[in-house]
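# Summary of the model geometry
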Amino acid sequence: MKSLSVQINKSYIADRLGFSDFDSCLSYPKFIEVETIRACNAKCTFCSVYNGSFEASPKKMTDGLLEQIIAELQMPAATTSTVCACRDGEPLLDRRVAGFIRDLKDSGIPTVTLVTNAELLNEKKSTELLSSGLDELMISIDGYSEAVYGKLRTGLNFETVIDNTMSFLKLRNNMNSDLSVRIRMVVVDENREEVESYLEFWNSKVSDRDRVQALPAHSWGNELFIESKESIEKMKPKPCIAPFNMFTIHYDGEVSMCGHDYKHNHVMGNLNNNTITEIWKGERFAEIREKHLTPGRRDEIEPCRGCQIWDRTEVEL
């Protein structure tokens, strides 16, 4: 019975990730996040960067490690389809980010994405990103009104963020770029009443290739808040797709179990010591995957207990 349940979960994972067979999930990570810098120009109430034990001073990935990642992604066995050129914090604080994106595209990565809060997205930065080959820019704007936005995005200027976003959309269109934009809101108690106005406003500003989202906040692996009993029961029998798809490289070379394990409680390896392939196929990832595939064992991993980060439902009009 246990064996049948494991096989069902393997089929579920393969189907979720778009593979014809489960073993294809294990050959190489298809989605990679690279944290070139851990620093931010904001202190948001629902974010991880300045919570916990991390210091607020900027932490940058070395040039050597960035070059190593590019070299590994050019190897014949590398089959990564998407790279997000950031993880925690604001990537536009790193002057190298546009060059890194260009290197990723030159390496043959089909899709490269980036996430920004847009306050630093001036004309110069916008032009650099649009010229780099970036495929998708995700812009986080968590309020429709300045008053609500200011409560959540401490340290950022609402008018600057809106103006920069509008200017980026206009510049993208003028340059006839194929880049798509995703404008996102994290829904919490403070902005819940603004969701409808937010979606209506931004949907009127973007093009057909773009997307506007309102997503419920997540718990950062039970670190920002503890998942509810209902959530734990709901997710207990379901394996998460992250251990079979996601590979997160932090600024110091550490590879965590999941991008939302921001305190590095579950480190799978370090790129200063091993390759992407060695870590992906290593014992630590294998152990995490076994627990997710085996009914009832997901809860043994504290950050995974009740986590719905990849199973959240968008809030719609």
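For the structure given in this document, a descriptive report is provided here. All values reported here derive from a predicted model rather than from experimental measurement.

## Remarks on the packing of aromatic side chains
Where two aromatic rings form a pair, the distance of their centres and the angle of their planes describe that pair. Under the counting rule described, the total for this entry stands at seven aromatic pairs. Their ring planes at 65 degrees and their centres at 5.7 Å tell us that Phe22 and Phe244 sit as a pair that is edge-to-face. Taken as a pair, Phe22 in the loop between helix H1 (2-17) and strand S1 (31-34) and Phe244 in the loop between helix H8 (229-235) and strand S11 (246-249) lie far apart in primary sequence, 222 residues in all. Considered together, Phe22 and Phe244 belong to a single accessibility category, that of buried residues. Chaining the aromatic ring pairs together yields one cluster made of Tyr144, Phe201 and Trp202. Across the ring face of Trp280, the terminal group of Arg289 is positioned such that the distance to the ring centre comes to 4.3 Å.

## Let's talk about empty space enclosed by the protein
Here the structure, examined in full by the defined rule, presents one cavity of 30 Å³ or more. The wall of the largest cavity is formed by 14 residues, among which Met257, Cys258, Pro303, Cys304 and Cys307 lie closest to the centre.

## As for helix H6 (residues 158-174)
Count 3.6 residues to each turn of an α-helix, and residues three or four apart come out pointing the same way. With 17 residues, H6 extends 24 Å from end C-alpha to end C-alpha; this agrees with the ideal 24 Å at 1.5 Å per step. Those residues of H6 not exposed but buried are Phe158, Val161, Ile162, Asn164, Thr165, Phe168, Leu169, Leu171 and Arg172. Capping the start of H6, Asn157 holds a side-chain oxygen 3.1 Å from the backbone nitrogen of Glu159, two or three residues further along. One or two residues past the end of H6 sits Asn176, with phi positive at roughly 55 degrees.

## So, the pairing of strand S6 (residues 111-116)
Burial within S6 is extensive, with five of its six residues counted as buried. Handedness of the crossover joining strand S5 (residues 82-84) and S6 through helix H3 (residues 97-106) is recorded here as right-handed. Pairing of S6 with strand S7 (residues 136-140) involves four bridges; the strand directions are parallel. By the bridge assignment for S7, Val115 is matched with Met138. Taken together, S6, helix H4 (residues 123-132) and S7 constitute a β-α-β crossover, and its handedness is right-handed.

## Here's the deal with unusual backbone geometry
Most peptide bonds are trans, and most residues other than glycine sit at a negative phi. Of note, Ala118 is a non-glycine position whose phi angle comes to about 75 degrees, a positive value. Considering the arrangement of structural elements, one finds Ala118 in the loop between S6 and H4. At Asn176, a position not held by glycine, the phi torsion is positive, near 55 degrees. Secondary-structure assignment places Asn176 in the loop between H6 and strand S9 (180-187). With relative accessibility at 66%, the residue Asn176 sits in the exposed group.

## A word on the environment of Asn272
Tracing the backbone through its elements, the reader meets Asn272 in the loop between strand S13 (267-270) and helix H9 (276-280). With residues near it in sequence (within four places) discarded, Asn272 still touches Leu65, Asp252 and Gly253. A polar side-chain atom of Asn272 sits 3.0 Å from the main-chain carbonyl oxygen of Asp252.

## Description of the pattern of salt bridges
For the structure shown, the criterion picks out 19 salt bridges. A salt bridge links Arg87 to Glu33, with the shortest nitrogen-to-oxygen separation between them at 2.8 Å. Taken together, the positions of Arg87 in the loop between S5 and H3 and Glu33 in strand S1 put the pair 54 residues apart, joining distant regions of the chain. We note that Arg87, like Glu33, is buried. With a closest N to O distance of 2.6 Å, Asp63 and Arg96 form a salt bridge. Of this pair, Asp63 sits in helix H2 (residues 63-73) while Arg96 sits in the loop between S5 and H3, and the two are 33 residues apart along the sequence.

## Overview of the packing of H2 against H3
Where H2 meets H3, the closest approach of the two axes is 9 Å, and the angle between their N-to-C directions is 15 degrees. The orientation of H2 relative to H3 falls into the category roughly parallel. The handedness of the crossing between H2 and H3 is right-handed. Where H2 abuts H3, its residues Leu66, Ile70 and Leu73 lie against Phe100, Asp103 and Leu104. Partitioning the contact of H2 with H3 into residue classes produces five nonpolar, no polar and one charged.

## Notes on the sheet that holds S1
Strand order in the open sheet made by the nine strands is S10-S9-S7-S6-S5-S1-S11-S12-S13, with mixed pairing throughout. Strand pairing shows two members of the sheet lacking a second neighbour, strand S10 (211-216) and S13, which therefore form its edges. The average undirected angle you get between the axes of adjacent strands in this sheet is 25 degrees.

Analysis parameters
- Residue indices begin from 1 for each chain and proceed along its sequence in written order.
- Since the coordinates come from a predicted model, pLDDT governs what is reported: local features require at least 70, and pairs of side-chain atoms require 80 or more to be given and counted, while whole-chain, interface and lining totals use all residues.
- Water and hydrogen atoms were dropped before computing side-chain values, which therefore reflect all heavy atoms in the structure.
- Ring pairs shown here join Phe, Tyr and Trp side chains whose ring centres sit within 6.5 Å, with only the six-membered ring taken for Trp; geometry is labelled stacked below 30 degrees between planes, edge-to-face above 60, and tilted in between.
- Here a helix means four or more residues in a row that DSSP labels H or I, a strand means two or more in a row labelled E, and each is numbered from the N terminus.
- Only protein chains enter the accessibility calculation, which uses a 1.4 Å probe; a residue whose area is less than 20% of its type maximum is buried, one above 50% is exposed, and one in between is partly exposed.
- Two conditions define a charge sitting above a ring: the NZ of Lys or the CZ of Arg must be within 6 Å of the ring centre, and it must be within 35 degrees of the ring normal.
- We place a 1 Å grid over just the protein atoms. Points where a 1.4 Å probe fits but has no way out form a cavity, open points with protein on both sides within 12 Å along at least 5 of 7 lines form a pocket, and any residue with an atom within 4 Å of a point lines it.
- Grid points are joined across faces, edges and corners, and a volume is the space filled by probe spheres set on the points.
- Each residue after the first adds 1.5 Å to the expected span of a helix.
- Under this definition, polar contacts are N or O atom pairs within 3.5 Å; protein pairs additionally need one hydrogen-donor-capable and one acceptor-capable atom, and for neighbouring residues in sequence, both atoms have to be side-chain atoms.
- A clockwise course of the path from the first strand over the helix to the second, judged with the strands pointing away from the viewer, identifies a crossover as right-handed.
- Two strands qualify as a pair provided that DSSP identifies no fewer than 2 bridges between them.
- Pairs of residues are marked as contacts when any of their non-hydrogen atoms sit within 4.5 Å.
- When a carboxyl oxygen of Asp or Glu is within 4 Å of a side-chain nitrogen of Lys or Arg, the pair counts as a salt bridge.
- Whenever a helix is involved, its axis is fitted only over the stretch in contact; in every case the axis is a line through C-alpha atoms, and angles between N-to-C directions fall within 0 to 180 degrees.
- Orientation is classified from the angle alone, with under 35 degrees giving roughly parallel, over 145 giving roughly antiparallel, 65 to 115 giving roughly perpendicular, and any other angle giving oblique.
- Note on convention: near helix rotated counterclockwise from far helix by under a right angle means a left-handed crossing. Clockwise means right-handed.
- In the scheme used here, Gly and all other residues not listed as nonpolar or charged are polar, with Ala, Val, Leu, Ile, Met, Phe, Trp, Tyr, Cys and Pro taken as nonpolar and Asp, Glu, Lys and Arg as charged.

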